[in-house]
Amino acid sequence: MDQEPPFGETYKTLLHNSSLGEPKDENPLIVEECDLPLIDLSQLNAERDKCIKQITQAAREWGFFQVVNHGISQKVLKILKDEQTKVFHLPFQKKIEDNFLNLSANSYRWGNSKATFLRHVPWSEALHLSLADISRMDECKSTLRSTIEAFVTVAASLAQSLAEILSQILGIKSTYFQENCPPNTSYLRLNRYPPCPFPSKAFGLMPHTDSSFLTILYQDHVGGLQLMKDGKWFRVKPNPQALVINIGDLFQALSNDVFKSIKHRVVSSEEVERFSVAYFYCPSSDAVIQSCCSTKRLLPAVYKHFSFREYQQQVRKDVEATGDKVGLTRFLL
Ligand code: OGA
Ligand code: NI
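Parameters and conventions
Residues numbered from 1 in each chain as written. Chains lettered and ligands numbered in written order. Predicted model: local features only at pLDDT ≥ 70, side-chain atom pairs only at ≥ 80, totals over all residues. Heavy atoms only, no water. Helix = DSSP H or I, 4+ residues; strand = E, 2+ residues; numbered from the N terminus. Rg over C-alpha atoms; globule rule 2.2 N^0.38 Å. Buried < 20%, exposed > 50% of the residue type's maximum accessible area, 1.4 Å probe, protein only. Contact = heavy atoms within 4.5 Å. Areas by Shrake-Rupley, 256 points an atom, 1.4 Å probe, with all protein chains shown as cover. Donors = N, O, S within 2.8 Å, 3.2 Å for Na, K, Ca; no water. Phe/Tyr/Trp six-rings, centres within 6.5 Å; stacked < 30°, edge-to-face > 60°. Pairing = 2+ DSSP bridges. Axes fitted to C-alpha atoms, helices over the stretch in contact; angles between N-to-C directions. Near = heavy atom within 4 Å. Polar contact = N/O pair within 3.5 Å; in protein donor to acceptor, adjacent residues only side chain to side chain. Nonpolar A, V, L, I, M, F, W, Y, C, P; charged D, E, K, R; others polar.

Description of the overall build of the protein
Then, number 1: Check the secondary structure of the protein and you find 11 helices and 15 strands.
Then, number 2: Taken against the 2.2 N^0.38 rule, which gives 20 Å for 333 residues, the C-alpha radius of gyration of the protein at 19 Å falls within 12% of a compact globule.
Then, number 3: With respect to the principal axes defined by its C-alpha atoms, the protein has extents near 55 × 45 × 40 Å.
Then, number 4: A burial count over the protein gives 53% of its 333 residues as buried.
Then, number 5: Look at the contacts in the protein between residues 6 or more apart in sequence, and 80% of them connect residues 24 or more apart.
Then, number 6: Looking at the protein as shown, the accessible area adds up to about 15,500 Å², and 52% of this sits on carbon and sulfur atoms.

Have a look at this one:
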């Protein structure tokens, strides 16, 4: 099909050599199902303290949870998925055109040209959008644009509320996020995972942590998202009513390891394609992330302070050198 990126052809050699020297510690077959904590955000009105406790506990114990009554209507989610499907079903040659949808260069991504192992090739394609890009998006895709805008508006305020709630027990200034995360510094990523003929050899998305404060993910009904807890991989059962929230590296650093940025990955289906949308709540480049020392845990800071720019530069450098990011351990004190 001419919509598909040429995975098979491009990674022919890696596929052929896939048993040679591939990292073996990430066996996708040993996986259990887990029930993520499910939090009803409508309780923030009636039983605020109880709800805040649930959110904080889930962020500490899991680094991952799901929320319902999050404010994004099922209608918006449905239209977004339909529009996303249409865009990714355009011919591959169109998707790699310079001015695709009038987006900045490098917005459309697929595979990993630097990979030396099949394990480092994401068997997926994505539109990686800065929020500034969205307003410049092609007029002829106006339904996609307005639906993305509807999603992002609610996601932005949800991200800020959750971040403020989580920062309460850390003793962080309540205006911290307002000051450091102005509109337009976050990112949106539309993901498509085509059916993968070798799901045990190539990931839909390799194990990674997110570089955000937190991430809001909407996944369709197909499933494939897995997270690592206590050294084991767990499947997240899809819940089309819910959004998945996960703590990112910046919150782990800010919270001095109280909240954990958990490794996660996507294992693709052999038969069906899968879609997801991720909103990465990020600060401006010059925002400084400094480990707070919670009043409840008078522990010394674990990480040096660093700007988001420094963090992104380090990640880019490591990915270029090794195909994989090193992440927060680069900034340990
Ligand atoms: C991501 C991510 C998971 C998914 O885009 O960072 O982890 O289910 N996505 O698509
Ligand atoms: Ni992720």
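Section: the coordination of the nickel ion (ligand 2)
Then, number 1: Note on the nickel ion (ligand 2): its protein donors are His208 (NE2), Asp210 (OD) and His264 (NE2). The metal-donor distances range over 2.1 to 2.2 Å.
Then, number 2: Mapping the donors of the nickel ion (ligand 2) onto the primary sequence gives the spacing H-x1-D-x53-H. Residue histidine 208 is located in strand β7 (residues 205-208), and its partner histidine 264 is located in strand β12 (residues 264-266); the two are separated by 56 residues in the primary sequence.

Points about the packing of aromatic side chains
Then, number 1: Following the criterion strictly, the structure yields 19 aromatic pairs and no others.
Then, number 2: Both rings, one in tyrosine 176 and one in phenylalanine 177, keep their centres 5.0 Å apart while their planes meet at 80°; by these two values the pair is edge-to-face.
Then, number 3: Ring geometry for tyrosine 311 against phenylalanine 331: centres 5.3 Å apart, planes inclined by 40°, an arrangement best described as tilted. Highlighted residues: tyrosine 311 in helix α11 (residues 308-322) and phenylalanine 331 in the segment after α11, separated in sequence by 20 residues.

Topic: the sheet that holds strand β8 (residues 214-219)
Then, number 1: Pairing within the open sheet is mixed, and its eight strands lie in the order β2-β3-β11-β8-β13-β6-β5-β4. Edge positions in the open sheet fall to β2 (38-40) and β4 (108-110), since each of these has one partner strand only. Ignoring strand direction, the axes of neighbouring strands in this sheet form an average angle of 25°.
Then, number 2: In this sheet, strand β6 (residues 187-193) lies alongside strand β5 (residues 125-130) in antiparallel orientation, the contact comprising six bridges. Following the sheet pairing, serine 130 is matched in β6 by tyrosine 187.
Then, number 3: Helix α4 (residues 48-61) rests against β2, β3 (64-68) and β11 (243-247) of the sheet, and its axis sits at about 155° to β2.

Focus: unusual backbone geometry
Then, number 1: The residue asparagine 106 is not glycine, and still its phi comes out positive at about 70°.
Then, number 2: When its relative accessible area of 54% is taken as the criterion, asparagine 106 is described as exposed.
Then, number 3: The residue aspartate 257 is not glycine, and still its phi comes out positive at about 75°.
Then, number 4: Mapped onto the elements of the fold, aspartate 257 is located in the loop between α10 (249-254) and β12.

Regarding the pairing of β6
Then, number 1: Within β6, six of the seven residues are buried, which leaves it mostly tucked inside the rest of the structure.
Then, number 2: Relative to strand β13 (residues 274-281), β6 is paired through seven bridges, and the arrangement is antiparallel. Among the inter-strand pairings, arginine 192 is bridged to a residue of β13, identified as phenylalanine 275.

Looking at the site of ligand 1
Then, number 1: The environment of ligand 1 is formed by 13 residues, the closest being Tyr193, His208, His264, Arg274 and Ser276.
Then, number 2: A distance of 3.3 Å is found between an oxygen atom of ligand 1 and a side-chain nitrogen or oxygen belonging to aspartate 210.
Then, number 3: Considered on its own, ligand 1 offers 290 Å² of accessible surface; in the complex 96% of this is hidden by protein.
Then, number 4: Of all elements in the fold, only β6, β7, β12 and β13 reach the threshold of two or more residues within the shell around ligand 1.
Then, number 5: Its residues assigned to classes, the shell around ligand 1 comprises six nonpolar, four polar and three charged.

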